[in-house]
Amino acid sequence: MPHTLTLRRPDDWHLHLRDGAMLQGVIGDTSRTFARAIIMPNLVPPVVTTDDAAAYKARILSALPKGHSFQPLMTLYLTEHTSPDDVEKGKASGLVTAVKLYPAGATTNSHDGVRDMDKAMPVLERMAKIGLPLCVHGEVTTPEVDIFDREAVFIETVLDPLRRRLPELKVTMEHVTTEDGIDYIKGAEKNLAGTITTHHLIINRNAILVGGIKPHYYCLPVAKREKHRLALRKAAVSGDARFFLGTDSAPHVDPLKECACGCAGIYTSINTMSCLAHVFEEENALDKLEAFASLNGPAWYGLPVNEEKITLTKREEPVRFPAKIETGAGPVTVFDPLFPLYWDVSE
Ligand code: DOR
Ligand code: ZN
């Protein structure tokens, strides 16, 4: 087994950076290791227009620690009132990399999302025409549908009909959590890819519910049964170009997670590459980590791969990550994979 691994600098194709003091507190954990990230627009209020995205991008760049170079790839939050012309303007100016679909009520700050897909069709048609990808939070919100089935039902009742209606629309199915999602992506002829988070490769639903309720393992889509985690692992380490890293690192301050109605989100920006090297080594697939973290994403989004490299080193002793980071907004608990981590990013 090799003890060092050099890869092209990775990118994170799904990231929550928030704003203000939280943005300031978390951005360095991403920009230390990652060259670019697709930035989620679910702020309060959401990033809906090209002007909103330009202003948010400027705030992100001004929060960057000195000496870090990092490119935020901006997304627009799709509403039922989004203007097709504004979306086209965003793409033409090079500012907007994708548009994000949140079914209304599916997750954190999604109430301004889409209730009726028909109302979003003019924008989606324009995106298909101009080649702008749609990033999808793939869960239905219908109360009768069990939370563990929401991804599978979304594929059947929303995503597949949409893709049949608009086969030219490029869709990124974000944070795939089920075997159904993996199979659906593998079965698609074109214009469909999926991101996989670090934590969904490591935990199943027992992490949230066994031995007491564990709010720091609660995220959306919620982690599923073990067979789904195994399907995700198999896809991630396969080298298949349709699967790539989107951490969905989503910081919330501890008081908002450790309460009667805790927020969804797991913070992995700081230890993602260590966790991934561990997972890929367990799967005897360290040689596929670069495809997953550094090559497949740029290929899908039509961007150049990063020229810079990073080196991961396997240490003799476990690498210590803080249990929490302190931000100006409050403490944020760091994802604990529940096994020691030996791989360390050494530039
Ligand atoms: O766990 C999650 N947290 N899933 C999401 O879809 C949103 C995110 C957040 O913004 O906190
Ligand atoms: Zn997310």
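All chains use their own residue numbering, which begins from 1 and follows the written sequence. Both sets of labels track the order of writing: A upward for chains, 1 upward for ligands. Per-residue local features are limited, in this predicted model, to residues with pLDDT of at least 70; the limit for side-chain atom pairs, both in listing and counting, is 80 or more; totals at the level of whole chains, interfaces and linings are taken over all residues. Water and hydrogen atoms were dropped before computing side-chain values, which therefore reflect all heavy atoms in the structure.

J.: Explain the overall build of the protein chain here, please?
T.: For the protein chain, the helix and strand inventory stands at eleven helices and 13 strands. Its C-alpha atoms give the protein chain a radius of gyration of 19 Å, within 12% of the compact-globule value 20 Å for 347 residues. On the principal axes, the C-alpha backbone points of the protein chain span a range of 55 × 45 × 40 Å. For the protein chain, the proportion of its 347 residues judged to be buried stands at 58%. Residue contacts follow a heavy-atom distance rule, with two residues in contact if any of their heavy atoms lie within 4.5 Å. Put simply, 75% of the contacts in the protein chain that link residues at least 6 apart link residues at least 24 apart. For the protein chain, the computed accessible surface area is about 14100 Å², with 52% contributed by carbon and sulfur atoms. The secondary structure listing takes helices from DSSP runs of H or I that are at least 4 residues long and strands from runs of E that are at least 2 residues long, numbered from the N terminus. Atoms counted for the radius of gyration: C-alpha only. Globule rule: 2.2 Å times the number of residues to the power 0.38. Here's how the labels work: a residue is buried when its accessible area is under 20% of the maximum for its type, exposed when over 50%, partly exposed in between, all with a 1.4 Å probe on protein chains only. Throughout, the Shrake-Rupley method with a 1.4 Å probe supplies accessible areas, and for residues the shown protein chains are the sole cover considered.

J.: Help me understand helix 4 (residues 117-130) in this model?
T.: Each turn of an α-helix holds 3.6 residues, which means side chains three or four residues apart point in the same direction. In this model helix 4 runs 19 Å from its N-terminal to its C-terminal C-alpha over 14 residues, within 8% of the 20 Å that 1.5 Å per residue would give. Take the seven residues that end at a residue and the seven that start at it, fit an axis to each, and the angle between those axes is the bend at that residue. Val123 marks the point of greatest bend in helix 4, at about 35°. Every buried residue belonging to helix 4 is among Ala120, Met121, Val123, Leu124, Met127, Ala128 and Ile130, and all of these are buried. Close packing links the buried residues of helix 4 with helix 3 (84-92), strand 5 (96-101), strand 6 (134-136) and helix 5 (150-165). Under this definition, polar contacts are N or O atom pairs within 3.5 Å; protein pairs additionally need one hydrogen-donor-capable and one acceptor-capable atom, and for neighbouring residues in sequence, both atoms have to be side-chain atoms. Between a side-chain oxygen at the N-terminus of helix 4 and the backbone nitrogen of Asp118 the separation is 3.0 Å; the capping residue is Asp116. For a helix, the expected span equals 1.5 Å multiplied by the number of residues minus one.

J.: Help me out: how do you make sense of the nonpolar core in this one?
T.: Burial of nonpolar side chains together is a common tendency in soluble globular proteins. Formed by 94 residues in total, the largest nonpolar core has its most connected members in Leu17, Leu124, Leu134, Phe280 and Leu289. Element by element, the count of residues in this core is highest for helix 4, at seven residues. Counting residues in hydrophobic clusters, the runner-up holds 13 residues, among them Trp13, Ile38, Tyr77 and Trp300. To qualify as a nonpolar core, a set must consist of buried Ala, Val, Leu, Ile, Met, Phe, Trp, Tyr and Cys residues joined through side-chain atoms within 4.5 Å.

J.: What's the story with the side chain of Thr50 in this structure? I'm lost.
T.: Relative to the helices and strands, Thr50 resides in helix 2 (residues 50-63). Only 3.5 Å separates the side chain of Thr50 from the backbone nitrogen of Gly90, close enough to count as a polar contact. Ignoring anything within four residues of it in the chain, the contact list for Thr50 reads Leu76, Asp86, Lys89, Gly90, Leu95 and Val96.

J.: Explanation requested: the sheet that holds strand 10 (residues 309-314) in the structure shown.
T.: Sheets are built from strands that pair by backbone hydrogen bonding, the pairs being arranged parallel or antiparallel. At least two DSSP bridges between two strands are needed for those strands to be called paired. Across the sheet, which stays open at both edges, the three strands sit in the order 1-10-13 with antiparallel pairing between neighbours. Looking at strand neighbours, the two that pair on one side only are strand 1 (4-8) and strand 13 (343-346), the edges of this open sheet. Neighbour-to-neighbour, the strand axes of this sheet turn through a mean angle of 30°, independent of strand direction. Here four bridges tie strand 10 to strand 13, and the two strands are oriented antiparallel to one another. Across the sheet, Leu312 pairs through a bridge with Val345, a residue of strand 13. The axes are straight lines fitted to the C-alpha atoms, using for helices just the contacting stretch, and the angles between their N-to-C directions are given from 0 to 180°. Sitting on the sheet, helix 11 (residues 289-301) is in contact with strand 1 and strand 10, with an inclination near 25° to strand 1.

J.: How do you make sense of unusual backbone geometry when you look at a structure like this?
T.: Backbone geometry follows two general trends: most residues other than glycine have a negative phi, and most peptide bonds adopt the trans configuration. Here Val44 and Pro45 are connected by a cis peptide whose omega angle stands at -10°. On the secondary structure map, Pro45 appears in the loop between strand 3 (36-39) and helix 2. At the junction of Leu220 and Pro221, the peptide bond is cis and its omega measures out at -10° in the coordinates. Looking at the element boundaries, Pro221 is found in the loop between helix 7 (206-209) and helix 8 (226-236). Despite not being glycine, Asn284 has its phi angle at roughly 50°, a positive value. For Asn284, the location among the structural elements is in the loop between helix 10 (272-282) and helix 11.

J.: Got a minute to help me understand the pairing of strand 4 (residues 71-77) in this structure?
T.: Consecutive side chains of a regular strand alternate in pointing toward one face of the sheet and then the other. Among the seven residues of strand 4, six are classified as buried, and the element is accordingly described as predominantly covered. As paired strands, strand 3 and strand 4 are joined by four bridges and run parallel to one another. The residue of strand 4 that forms the bridge with Ile38 is Leu73. The handedness of the strand 3 to strand 4 crossover, carried by helix 2, is right-handed. Inspection of the sheet shows strand 4 paired to strand 5 by four bridges, in the parallel sense. If you view a crossover with the strands going away from you and the path from the first strand over the helix to the second runs clockwise, you call it right-handed.

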